[in-house]
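# Examination of the molecular architecture
Listed below are the residues making up each chain.
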Amino acid sequence: MSTTTGNAPRDAAATGALTEVELAISGMTCASCANRIERKLNKLDGVSATVNYATEKARVRAPDGVDPSVLLAQVEAAGYTAQLPTPPATGPTGSAADAESGPDPARPLRDRVVISAVLAVPVVAMAMVPALQFTYWQWISLALAAPVVVWGAWPFHRAAWTNLRHGAATMDTLVSMGVLAAFAWSLWALLLGTAGVPGMTHPFELTIAPSDGAANIYLEVAAGVTTFLLAGRYFEARAKRRSGAALRALLELGAKDVTVLRGDREVRIPTGQLAVGDRFVVRPGEKIATDGVVTDGRSAVDASMLTGESVPVEVRVGDPVVGATVNAGGRLVVRATRVGADTQLAQMARLVEDAQNGKAEVQRLADRVSGVFVPIVIALAAATLAFWLGAGAGAAAAFTAAVAVLIIACPCALGLATPTALLVGTGRGAQLGILIKGPEVLESTRRVDTVVLDKTGTVTTGRMSVVAVHLADGVDEAQVLRLAGAVEDASEHPIAAAVARAARERTGDLPAVEDFTNVEGLGVQGVVDGHAVLVGRAALLEQWSQPLPPELVAAKAAEEERGRTAIAVAWDGAARAVLAVADTVKPTSARAIAQLRGLGLTPVLLTGDNAAVARSVAAEVGIDAGPDTVIAEVLPADKVDVITRLQSRGKVVAMIGDGVNDAAALAQADLGLAMGTGTDAAIQAGDLTLVRGDLLAAVDAIRLARRTLATIKGNLFWAFAYNVAALPLAAAGLLNPMLAGAAMALSSLFVVTNSLRLRRFTARNDTSSVPAPDVTAQELRPTATTGSWSGAGRGG
């Protein structure tokens, strides 16, 4: 959990410059640890610190000249360890490899869980099943439980000791005390009481009566609780291990190798060896290795992954290009202007990391209550011991009642409350194509009131398609597509590919083209079936004295006003048609947005595309075209700013996106929903992943997450209610071990059963029957009045 105390730098640093230092923290076990470290660091003059429990990092603003060793020493004085993070490698391959090849911090914890489980299962089975209680079974239980209590529960004991040294109490304190109390009393009963006699059994007696506890052992409580909570810690550690996957995915987008010009020779080298000023070659279909300026050639560059712009950008000599974008046209020679950590891709990776570090993850509900619950339990156990000693009940009976208080308060059902509901909820979500990352995600779904939708690839298909054909008088539509598609099929431009694809869908196989010529910046020309065909901008037709007639000029202007790309087609000396190409809206987007409104959410369309395109898409899907609900022409950093601005207005923001340009915004949002059809960077930065890439799944994802959160809260209520109801009985000395064990089992059984109800969750939108959007023109049909194509799917 990221917690911010809000302490501003003190006056001592008010007039001096501040520097920002990042520390890697080890040893934190819960959100209260982050709070403690923050308080310790903020005691230093001029220092303001924010500690993120989820990423195990501290971001510290301190006066210039402050020795980092002072900060490290302050963290160590709080009982934790800290170090300055090792800077990542500058090359994409190196950094990703380093991240993957590093040691897995969850590996020792996994070994601890496996060994503890192997030892604990027979202990629990023998304690709960009288038929398994053979002669001397209690001593076998002791031999199996001892390693679990001492070695398996060591992380809890260590954290409890750290908390004790600083006068704090957390769930670790309660777990450690409960486990040690159960084990210590069992050891006393076996060695000094009557529990160690041959033939001892735990009879199944549900009675409430005082007992001196000399014949009672609680080894199954000590071993079972330890094992289960260790398993929870292991899954949490795995989640933290994956928290850096968004950054690795971003860096993996870059090209691994690059062809550099060395004099007249072309040399292939790793991208990490590029230097500023190097000239490198980018062939059609290749990724641009790093940020630079075009020095030779002309092409179209697909930058949609980084900018969200759906239409490829034409570049020529002198134009800047960005690393990781794709050359969709001709050969380019680029001079590198920024490499390594200075590139736009690396800056985006830092944006994602900053957003994740600054994101306040919701603390587990059990931890929130532990600050009050744990001290009360400890005080009650001490008061119980003092009361019975003072009442003359004897040391054995007094200590039995005090230990019973600690044991009955041990968070068995409490530990089950969140993981079981999450396990069932996430399992059901996976069946429906919804992946939930963790319990901290769920609380955000309840509070969200605004949903920000990325346009390209989320609301729309993310690929160009022919959406309309405007014809001159007497021209046949099929012939237009056949001739234009044949010429465009010889081009590598993405818009040309859209025209060729639409032509195949409408007319079948395309004829061959002769004398094909690509006129840079204007279009293409060639001979098809004996016709001299021109396809491209109106300027290309005018060069051949084939201007557009007035009706096609008007159609072209209307399409461009809607943000679409208009392509003129001419043959045999006359202009014949105008094709409109655009990124089409997914068939289910409008219905999904209407249902998001039904959940109380305000939709906002956010895109790097131009304003005309954004307004057109918003109108199709039913989003109000206001300045606060349609936000266009934004860069990746601006998307983060938009989310932050909405949050500063008191909005709780969900973000739905699929591209690299959305990753930082997904991380910054209170709830990030990533399309599974998108990039790894977006998926890893999001909190929920929608496998099918359908907005209808977002509606069900929010409903399922809210239902799962409600189940967790119900589980926690009944788990705490059980503790509150049972504690007075334990303090009164009226709980025998069998009744206490049965009560704990029933409490856990209730929690599990309540969680299993989530298996009956049904999707309101069965998107499994919705076909993946085919980004061709198969949904376009000719209209009788205009002769143009209209899309049944374009209106959602």
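Each value, and the rule that gives it
- Residues numbered from 1 in each chain as written.
- Predicted model: local features only at pLDDT ≥ 70, side-chain atom pairs only at ≥ 80, totals over all residues.
- Heavy atoms only, no water.
- UniProt positions renumbered as here; feature names shortened; annotations may be inferred.
- Pairing = 2+ DSSP bridges.
- Helix = DSSP H or I, 4+ residues; strand = E, 2+ residues; numbered from the N terminus.
- Salt bridge = Lys/Arg side-chain N within 4 Å of Asp/Glu carboxyl O.
- Phe/Tyr/Trp six-rings, centres within 6.5 Å; stacked < 30°, edge-to-face > 60°.
- Buried < 20%, exposed > 50% of the residue type's maximum accessible area, 1.4 Å probe, protein only.
- Lys NZ or Arg CZ within 6 Å of the ring centre and 35° of its normal.
- Axes fitted to C-alpha atoms, helices over the stretch in contact; angles between N-to-C directions.
- Contact = heavy atoms within 4.5 Å.
- Parallel < 35°, antiparallel > 145°, perpendicular 65-115°, else oblique.
- Left-handed = near helix turned anticlockwise from the far one by under 90°.
- Expected span 1.5 Å × (residues − 1).
- Bend = angle between axes of the 7 residues up to and from the residue.

Going by an unreviewed UniProt entry, the protein chain carries the name Copper-translocating P-type ATPase and comes from Pseudonocardia humida. Per its UniProt entry, the protein chain bears the Subcellular location (unreviewed entry) comment "Cell membrane".

This part takes up the sheet that holds strand β15 (residues 434-436). Pairing is mixed in the open sheet, where 7 strands are placed in the order β15-β27-β26-β25-β16-β23-β24. Two strands lie at the open edges of the sheet, namely β15 and β24 (630-631), each paired on one side alone. Bridge count between strand β16 (residues 450-454) and strand β23 (residues 602-606): 5 bridges; the pairing is parallel. Across the sheet, residue Leu453 finds its bridge partner in β23, namely Leu605.

Before going further, it helps to spend a moment on the pattern of salt bridges. Scanning all chains against the criterion turns up 17 salt bridges. Measuring nitrogen to oxygen at the nearest pair gives 3.0 Å for the salt bridge that ties Asp291 to Arg338. Pair noted here: Asp291 is in strand β9 (residues 291-297) and Arg338 is in strand β14 (residues 332-338), with a separation of 47 residues, a long-range link. Between Arg649 and Asp628 there is a salt bridge; the shortest N-O distance is 3.8 Å. A residue pair is termed long-range when its members are at least 10 positions apart, and Arg649 in the loop between α23 (636-648) and β25 (653-657) and Asp628 in the loop between α22 (611-621) and β24 qualify at 21 residues. When salt bridges that share partners are traced, they join Glu20, Glu22, Lys57 and Arg59 into one network.

So, about the packing of aromatic side chains. Aromatic rings in a pair are described by how distant their centres are and how their planes are angled relative to each other. Counted by the stated rule, this structure contains 4 aromatic pairs. Taking 5.3 Å as the distance between ring centres and 80° as the angle between the ring planes, the aromatic pair formed by Phe387 and Trp388 counts as edge-to-face. Judged by its relative accessible area of 53%, Phe387 is exposed. Ring centres 5.1 Å apart and planes at 80° place the aromatic pair Phe717 and Trp718 in the edge-to-face group. Its relative accessible area of 51% is what places Phe717 among the exposed residues. On the basis of relative accessible area, Trp718 is assigned to the partly exposed category, the value being 46%. Among the aromatic residues, ring-to-ring pairing joins Phe717, Trp718 and Phe750 into one connected group. Looking at Arg112, its charged tip hangs above the ring of Trp151, at a distance of 4.7 Å from the centre.

Turning to the sheet that holds strand β19 (residues 523-528), a few remarks are in order. An order of β17-β22-β21-β20-β19-β18 is seen for the 6 strands of this open sheet, with the pairing classed as antiparallel. Each end of this open sheet is capped by a strand with a single partner; those strands are β17 (460-471) and β18 (514-519). Each strand of the sheet is rotated relative to its neighbour by a mean of 20°, with strand direction disregarded.

UniProt records the feature "transmembrane region" (unreviewed entry) at residues 113-130, 136-154, 174-197, 217-235, 369-389, 395-418, 716-732 and 738-756, using the numbering of this structure. In the segment residues 113-130, helix accounts for 89% and strand for 0%; the C-alpha atoms at its two ends are 27 Å apart. End C-alpha atoms of residues 716-732 are separated by 25 Å, and the span's content is 94% helix alongside 0% strand.

What follows covers the environment of Gly485. Among the structural elements, Gly485 can be located in helix α17 (residues 477-488). For the pair Gly485 and Val499, spaced 14 residues apart in the sequence, the C-alpha separation amounts to 5.5 Å. When residues no more than four places from it in sequence are discounted, the contact partners of Gly485 are Val480, Val499, Ala500, Ala503 and Leu510.

Put simply, α17 and helix α18 (residues 494-507) touch, their axes get as near as 8 Å, and they point 135° apart. When the axes of α17 and α18 are compared, the pair comes out oblique. Crossing of α17 over α18 shows left-handed handedness. For the pair α17 and α18, contact is made by Glu477, Ala478, Leu481, Arg482, Ala484, Gly485 and Glu488 and by Ala496, Val499, Ala500, Ala503, Arg506 and Thr507, respectively.

On to helix α4 (residues 107-128). Between its first and last C-alpha, α4 extends 31 Å over 22 residues, near the 32 Å set by a 1.5 Å rise per residue. At Ala120, α4 is bent by approximately 30°, the largest bend along its length, and proline Pro122 sits one to four residues beyond. Within α4 the residues assigned to the buried category are Leu109, Arg112, Val113, Ser116, Leu119, Ala120, Val123, Met126 and Ala127.

The phi angle at Asp515 is positive, at roughly 50°, despite the residue not being glycine. Look at Asp515 and you get exposed, because its relative accessible area is 63%. Of note, Ser545 is a non-glycine position whose phi angle comes to about 55°, a positive value.

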